[in-house]
Amino acid sequence: MADPLSTLNWLVEAGADEAMGDAPVNRLAQKPAAPPQSAAAAEAPAFVRPRPAPPPPKSAPLLPDDAIGTAMSLAGAATSLEELRAAMESFDGCALKRTATNTVFADGIPSNVLFIGEAPGRDADRIGRPFVGRAGQLLDKMMASIGLSRTSNAYITNVINWRPPDNRDPSPEEAAQCLPFLRRHVELVEPRIIILLGAVAARHVIGVTEGIMKLRGRWLDYRVGDRMVPVMPTLHPAYLLRQPGHKKLAWRDLQAAQAKLESL
Ligand code: URA
């Protein structure tokens, strides 16, 4: 039989990290014959538990377009990173916020290099800082390989500021509701280069749908006011943990980023 702790760890790694009930349910136990039910109920699979009705929303949720408009005006009014963080924390237009533990704003020192990831994972959501789990540890090593660190000369944020349930990809609507904050974030940090971590960041920040393997390693531009900021898409550290053989590609991209910084 599998070691129960390893099984539990594996389930948590796979994203099944929320309890559905207070007491364990032995679904293999023989049940006494149930009283006759309606045909529909009788056909329902035995493992489907009726879900309690969701609680009524405290206030009517914003319509998607209103939410984007609200995000734009809140983000646009922020004149400092502190104000932007407060604006994001006051924004209720993204449904992801309702299931997240924390708003994940950023980490590091506003400086020449801005790393943009995808969305908070389980650890980032719990702690309220981006890239604090295993992918974050690898990101720290990637940064250190070109003389960067979040304690001195690099800044990290995500496209999405609230953890999507079960680490699913954010929907285009959810991304659109977070993007005004990201745009303002970039304006306030004023980086000289941006490094995009993974396909989801590349898709939402520069609007390209090509696979990351085609995109990575090529400089693109991101307009901030009247300035163009060079952008380098590279592989996400979580992907590199699964495909360590591709670390050499990320290493090349990071070296190109270092050379670009020296040339600016
Ligand atoms: N944690 C983050 O904050 N962002 C990612 O993209 C992955 C993990």
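Sequence positions are assigned chain by chain, starting from 1 and proceeding in written order. With the structure being a predicted model, the display of local features is reserved for residues of pLDDT at least 70 and the display and counting of side-chain atom pairs for 80 or more, all residues being used for whole-chain, interface and lining totals. The side-chain figures draw on all heavy atoms in the structure; neither hydrogens nor water molecules are used.

Colleague: For this particular structure, what's the right way to read the sheet that holds strand β2 (residues 113-117)?
Modeller: Sheets are built from strands that pair by backbone hydrogen bonding, the pairs being arranged parallel or antiparallel. Strand order in the open sheet formed by six strands is β1-β3-β2-β4-β6-β5, with mixed pairing between adjacent strands. Two strands lie at the open edges of the sheet, namely β1 (107-108) and β5 (220-224), each paired on one side alone. In this sheet, strand β3 (residues 154-158) lies alongside β1 in antiparallel orientation, the contact comprising two bridges. Bridging from a neighbouring strand, G108 pairs with Y155 of β3. Contact criterion: two residues are considered in contact whenever any of their non-hydrogen atoms come within 4.5 Å of each other. The axes used here are C-alpha line fits, helices contributing only the stretch in contact, and every angle between their N-to-C directions lies in the interval 0 to 180 degrees. Only DSSP runs of H or I with at least four residues qualify as helices, and only runs of E with at least two residues qualify as strands; both kinds are numbered from the N terminus onward. Each of β2, β3 and β4 (193-197) is contacted by helix α7 (residues 134-144), which is oriented at about 145 degrees to β3, the strand it contacts most. Following DSSP output, two strands are said to pair if at least two bridges run between them.

Colleague: Would you mind showing me how to read the pattern of salt bridges here?
Modeller: Side chains carrying opposite charge are able to pair once their charged atoms draw close together. When a carboxyl oxygen of Asp or Glu is within 4 Å of a side-chain nitrogen of Lys or Arg, the pair counts as a salt bridge. Per the stated rule, a full pass over the model turns up nine salt bridges. Where R129 meets D107, a salt bridge forms, and the shortest distance between an N and an O atom there is 2.9 Å. Here R129, found in the loop between α6 (122-127) and α7, pairs with D107, found in strand β1; they are 22 residues apart in sequence, far enough to count as distant. Three exposure classes are used, based on accessible area relative to the maximum for each residue type with a 1.4 Å probe and protein chains only: buried under 20%, partly exposed in between, and exposed over 50%. The class of D107 is buried, set by a relative accessible area of 15%. D107 is paired through a salt bridge with R150; the nearest N and O atoms lie 3.0 Å apart. Pair noted here: D107 is in strand β1 and R150 is in the loop between α7 and β3, with a separation of 43 residues, a long-range link.

Colleague: Help me out: how do you make sense of the confidence of the model for the chain in this one?
Modeller: Caution is warranted with low-pLDDT regions, since their predicted coordinates should not be read in detail. You can read pLDDT as the predictor saying how much it trusts each residue, on a scale of 0 to 100. Of the residues in the chain, 75% reach a pLDDT of 70 or more, and the chain-wide mean stands at 84. For residues 10-16, every residue scores under 50 in pLDDT, and the model assigns this stretch five contacts once sequence neighbours within four places are set aside.

Colleague: When you look at the environment of R183 in this model, what are you seeing that I'm missing?
Modeller: Among the structural elements, R183 can be located in helix α8 (residues 172-189). R183 gets classed as partly exposed once you look at its relative accessible area, which sits at 36%. For the pair R183 and G76, spaced 107 residues apart in the sequence, the C-alpha separation amounts to 9.1 Å. Apart from the residues lying within four places of it in its own chain, the contact partners of R183 are Y222 and R223. Only 3.2 Å separates the side chain of R183 from the backbone oxygen of R223, close enough to count as a polar contact. Identification of polar contacts relies on pairs of N or O atoms within 3.5 Å, with a donor-acceptor requirement for protein atoms, meaning one able to donate a hydrogen and the other able to accept it, and with residues adjacent in sequence counted only if both atoms are side-chain atoms.

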